[in-house]
Amino acid sequence: MSDRSFEQQLADLRAQIDEADSELVDLLRKRTEITKQIGQLKSEHALPIYVPEREKVLIEARRKQAAAAGVSEDLVEDILRRMMRDSYHSQHAKYACINPDVKKIVVIGGKGALGSVLVGLFEQSGYPVYALDKEDWADASAHLHDADLVIIAVPINLTCEIISQLPKLKDDCILADVTSIKGAPLAAMLEAHAGPVLGLHPMFGPDAPGMIKQVVVVCEGRGAQQYQWLLDQMELWGGSLYHSSAQEHDHAMAYIQVMRHFSTFVYGKHLQQENPKLQDLIAFSSPIYRLELAMVGRLFAQSGQLYADIIFSNKESISLLKSFSARFAEAITLLEKGDKSAFIGQFEEAAEWFGDYATLCLTDSKKMLLKADDSHLLRTFK
């Protein structure tokens, strides 16, 4: 076979790939048009965009079809999940309004990161919503006196102070907050307002495009029947609601947020002070370490005030972090003694505590690593 023949054959095959890719783009366009119609239909009938059962059935069916066709089942599932994620957001240009009797919603801090996400969701459902920010606070009474729902979406360190300064609200007005700690804000709201009160913690950042597949922790306050429509609305937006007491929530957050954020802060600060070449750390890292380093970098791309508020506002922070520090020191002692057997024993004790979840994490992390390996951001930073 001549070089020319090889080049020609390769060109012909590449042309076929281009044609197949072009057909794929047309199919994606067609699918997007259909999903938008589905979104409109669901909106008219007040149905949620995200239906887990439907997604599960669809993926299982296509995996079986892929297996029969000799195509990678994992590849097909990966493509489907990416398409469905996109379609959920293309569907949600307009949501149904669960409670059309609501005449006014005010989001205090509605021009902030998370507040603006909530304002957008209410607007997409046709609710009259007003974003009250610090420049409007002098006129707070005029904006709040006739509100049906008031949501506090200000920084943690200001939440209780703002609640204490609220003017008189309507007796049936729902007062809610979206702070990442729940004990103190919920108590402050119950004291400040005699009507329905609800504590919420959306477990996602402001970079999330909406509430689809996102967890929202619900801490009951007072008047559950009166604010049930709001919970129904969040489920229609695609949120997954998890009910908890404020005490249980804050205890869990000490582990989920405080310990992780503080550990990441210390690790990042240690790197800065040791001052290794960041390019070398990235270049010499396998996908899992690049992903971990990316999570450290992500923290420092955000607000130091935000993370200070999260860490300093949780009453369990100091005792938990002291315990962590003590265990870190104990582990270093094992290293100093060269006691591998003790290390392995403690490793196995922790592995037993994680149980089957560790195996699940190993499987799921492999999928994330494949995506991380494809990321130019992680591989080409200079």
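Going by the structure above, here's the rest.
Fair warning: this is a prediction, and the values are worked out from it, not measured in the lab.

**Student:** Report on the packing of aromatic side chains, specifying residues and quantitative values.
**Tutor:** Enumeration according to the criterion identifies 7 aromatic pairs in this entry. For the ring pair Tyr 127 and Trp 229, a centre distance of 5.7 Å and an interplane angle of 35° mean the geometry is tilted. Here Tyr 127, found in the loop between helix H4 (113–124) and strand S2 (129–132), pairs with Trp 229, found in helix H8 (residues 224–236); they are 102 residues apart in sequence, far enough to count as distant. Aromatic ring contacts, followed pair by pair, group Phe 122, Tyr 127, Trp 229 and Trp 237 into a single cluster.

**Student:** So what about the pairing of strand S3 (residues 149–152)? Which residues, and what values?
**Tutor:** What you see with S3 is no split at all: Leu 149 and Ile 151 on one side and Val 150 and Ile 152 on the other are buried throughout. By the bridge criterion, 4 bridges tie strand S1 (residues 105–108) to S3 in an arrangement that is parallel. Looking at S3, one finds that Ile 105 is bridged to Leu 149. Note that S3 and strand S4 (residues 174–177) share 4 bridges and pair parallel. The residue bridging Leu 149 from the neighbouring strand is Ile 174, located in S4. Viewed along the sheet, the connection from S3 through helix H6 (residues 156–164) into S4 turns out right-handed.

**Student:** Give a detailed account of the pairing of strand S5 (residues 197–202), specifying residues and quantitative values.
**Tutor:** Within S5, 6 of the 6 residues are buried, which leaves it mostly tucked inside the rest of the structure. What you see with S5 is no split at all: Val 197, Gly 199 and His 201 on one side and Leu 198, Leu 200 and Pro 202 on the other are buried throughout. Across 3 bridges, S4 lies against S5 in parallel orientation. When the bridges of S5 are listed, Asp 177 appears paired with Gly 199. In this sheet, strand S6 (residues 215–222) lies alongside S5 in antiparallel orientation, the contact comprising 6 bridges. In the sheet register, Leu 200 faces S6, and the bridge partner there is Val 218.

**Student:** Please set out the pattern of salt bridges residue by residue, giving values where relevant.
**Tutor:** Overall, the coordinates contain 13 salt bridges when judged by the stated rule. Of the charged contacts, one joins Arg 63 and Glu 73 as a salt bridge, the two residues approaching to 3.6 Å between their closest N and O atoms. Taken together, the residues span a long stretch of sequence, with Arg 63 in helix H2 (residues 52–69) and Glu 73 in helix H3 (residues 73–91) at a distance of 10 residues. Of the residues examined, Glu 73 reaches a relative accessible area of 32% and is grouped as partly exposed. In this structure, Glu 77 and Arg 63 form a salt bridge, with 2.5 Å as the shortest nitrogen-oxygen distance. Highlighted residues: Glu 77 in helix H3 and Arg 63 in helix H2, separated in sequence by 14 residues. Residue Glu 77 is classed as buried on the basis of its relative accessible area of 14%.

**Student:** Now, about the packing of helix H9 (residues 246–274) against helix H11 (residues 287–300): what can you tell me, with residues and values included?
**Tutor:** It is the contact of H9 with H11, at a shortest axis distance of 10 Å, that shows an interaxial angle of 95°. Relative to H11, H9 is oriented roughly perpendicular. Where H9 approaches H11, its residues His 261, Thr 264, Phe 265, Tyr 267, Gly 268, Lys 269 and Leu 271 are matched on the opposing element by Leu 293, Met 295, Val 296, Leu 299 and Phe 300. Of the residues in the contact of H9 with H11, the class split is 8 nonpolar, 3 polar and 1 charged.

**Student:** Report on helix H13 (residues 317–337), specifying residues and quantitative values.
**Tutor:** With 21 residues, H13 should cover 30 Å at 1.5 Å per step; its first-to-last C-alpha distance of 30 Å lies within 8% of that length. Among the residues of H13, those classed as buried are Ser 317, Leu 320, Leu 321 and Leu 334. Take H13 and look down its axis: the buried residues cluster within an arc of 125°, on one side only. Seen from the buried face of H13, the exposed residues on the opposite side, beyond 90 degrees, are Ile 318, Lys 322, Glu 330, Glu 336 and Lys 337. On its buried face, H13 is in contact with H9, helix H12 (304–313) and helix H14 (340–354).

What counts and how
Residues numbered from 1 in each chain as written. Predicted model: local features only at pLDDT ≥ 70, side-chain atom pairs only at ≥ 80, totals over all residues. Heavy atoms only, no water. Phe/Tyr/Trp six-rings, centres within 6.5 Å; stacked < 30°, edge-to-face > 60°. Helix = DSSP H or I, 4+ residues; strand = E, 2+ residues; numbered from the N terminus. Buried < 20%, exposed > 50% of the residue type's maximum accessible area, 1.4 Å probe, protein only. Pairing = 2+ DSSP bridges. Right-handed = clockwise from strand over helix to strand, strands pointing away. Salt bridge = Lys/Arg side-chain N within 4 Å of Asp/Glu carboxyl O. Axes fitted to C-alpha atoms, helices over the stretch in contact; angles between N-to-C directions. Parallel < 35°, antiparallel > 145°, perpendicular 65-115°, else oblique. Contact = heavy atoms within 4.5 Å. Nonpolar A, V, L, I, M, F, W, Y, C, P; charged D, E, K, R; others polar. Expected span 1.5 Å × (residues − 1). Arc of directions from axis to C-beta.

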